[in-house]
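# Coordinate analysis (summary)
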Amino acid sequence: MHTSQPSLPANCTLRRADSGDRGAIFRLVLGAKLDPTQLRWQQFWVIECQGQVVACGQLRQFADAQELGSLVVAPEWRDRGLGTLLTQHLISQASHPLYLECLGTRLAQFYRRFGFVPVSWQELPRSLKFKFGLSHFAKIILRIPVEIMTLSSH
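Residues numbered from 1 in each chain as written. Predicted model: local features only at pLDDT ≥ 70, side-chain atom pairs only at ≥ 80, totals over all residues. Heavy atoms only, no water.

### Looking at the packing of aromatic side chains
Scanning the entire structure with this criterion turns up three aromatic pairs. Taking the centre distance of 5.9 Å and the plane angle of 75° together, the rings of Tyr111 and Phe116 count as edge-to-face. Taken as a pair, Tyr111 and Phe116 share a single burial class, namely buried. Each residue in the set Phe110, Tyr111, Phe114 and Phe116 is aromatic and connected to the rest through ring pairs, giving one cluster. (Phe/Tyr/Trp six-rings, centres within 6.5 Å; stacked < 30°, edge-to-face > 60°. Buried < 20%, exposed > 50% of the residue type's maximum accessible area, 1.4 Å probe, protein only.)

So, in structure tokens, the structure goes:
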């Protein structure tokens, strides 16, 4: 179910974020119009190319689950496999059942390639029900196309 492993472009490295990456992570997340309120640089991995952070993603820890979140690739670096590479890496680092939420069918299709499948709010672990509650509300009441997904191999 997993896609083949892409390779990093020349002059790019995949590494754990450090405190110096906080500004770049915040700018990437804000630029993608994602929620910036739960960013903890210690949970992030980044792809740095030519001395600049061009992609980031975090693996958030909860009591009985993990969340793949805040995955962003800078617009000028998209369509080079960086999102795929970072997603595969974060999946490989997961030690608990892995969940995510995404907006729209295009992103849901992207994550399906890695084995993520839709899951109902009722099926979520207790630690994630509050976190994803607002998304569930938006999907039901406001008809916003939010998809909550879990990695099927877990």
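From this point on, the discussion continues.
### Examining helix 3 (residues 105-112)
All of the buried residues along helix 3 are Ala108, Phe110 and Tyr111. Considered in projection along helix 3, the buried side chains sweep an arc of 155° and stay on one side of the axis. The outward face of helix 3, more than 90 degrees from its buried face, is lined by the exposed residues Thr105 and Arg106. On the buried face of helix 3, the contacting elements are strand 4 (66-73), helix 2 (82-93), strand 5 (98-103), strand 6 (116-118) and strand 7 (146-151). (Helix = DSSP H or I, 4+ residues; strand = E, 2+ residues; numbered from the N terminus. Arc of directions from axis to C-beta. Contact = heavy atoms within 4.5 Å.)

### Brief notes about the layout of surface pockets
Its boundaries defined by the atoms lining it, the largest pocket holds a volume of some 1500 Å³. Contributions of two or more residues to the lining of the largest pocket are made by strand 3 (52-61), strand 4, helix 2, strand 5, helix 3 and helix 4 (126-141). In terms of residue count, the dominant contributor to the lining of the largest pocket is strand 4 (seven residues). A class-by-class count of the residues in the lining of the largest pocket yields 20 nonpolar, twelve polar and eleven charged. (1 Å grid on protein atoms, 1.4 Å probe; cavity = no way out; pocket = protein on both sides within 12 Å on 5 of 7 lines; lining within 4 Å. Points joined across faces, edges and corners; volume = space filled by probe spheres on them. Nonpolar A, V, L, I, M, F, W, Y, C, P; charged D, E, K, R; others polar.)

### Examining the pattern of salt bridges
Across all of its chains, the model carries four salt bridges by this definition. Arg15 is the partner of Asp18 in a salt bridge, and the nearest nitrogen-oxygen pair spans 3.7 Å. The residue Arg15 makes a salt bridge to Asp21 at a minimum N-O spacing of 2.7 Å. Residue Asp21 is classed as buried on the basis of its relative accessible area of 6%. Salt bridges sharing partners connect three or more residues here, namely Arg15, Asp18, Asp21 and Glu48. (Salt bridge = Lys/Arg side-chain N within 4 Å of Asp/Glu carboxyl O.)

### A short note on the nonpolar core
The biggest cluster of nonpolar side chains holds 38 residues, and the ones touching the most others in it are Ile47, Cys56, Leu68, Trp77, Leu98, Tyr111 and Phe116. In contact with Phe116, not counting residues within four places along its chain, are Leu68, Ile91, Leu98, Leu100, Tyr111, Met149, Thr150 and Leu151. (Core = buried A, V, L, I, M, F, W, Y, C linked by side-chain atoms within 4.5 Å.)

### Structural notes on helix 1 (residues 22-31)
Residues spaced three or four apart along an α-helix face the same direction, because each turn holds 3.6 residues. Every buried residue of helix 1 is listed here: Ala24, Ile25, Leu28 and Val29. Take helix 1 and look down its axis: the buried residues cluster within an arc of 130°, on one side only. The exposed residues of helix 1 that point more than 90 degrees off its buried face are Arg27 and Gly31. Buried residues along helix 1 sit against strand 2 (44-49), strand 3 and strand 4. Directly after helix 1, the chain includes Lys33, whose backbone phi takes a positive value near 60°.

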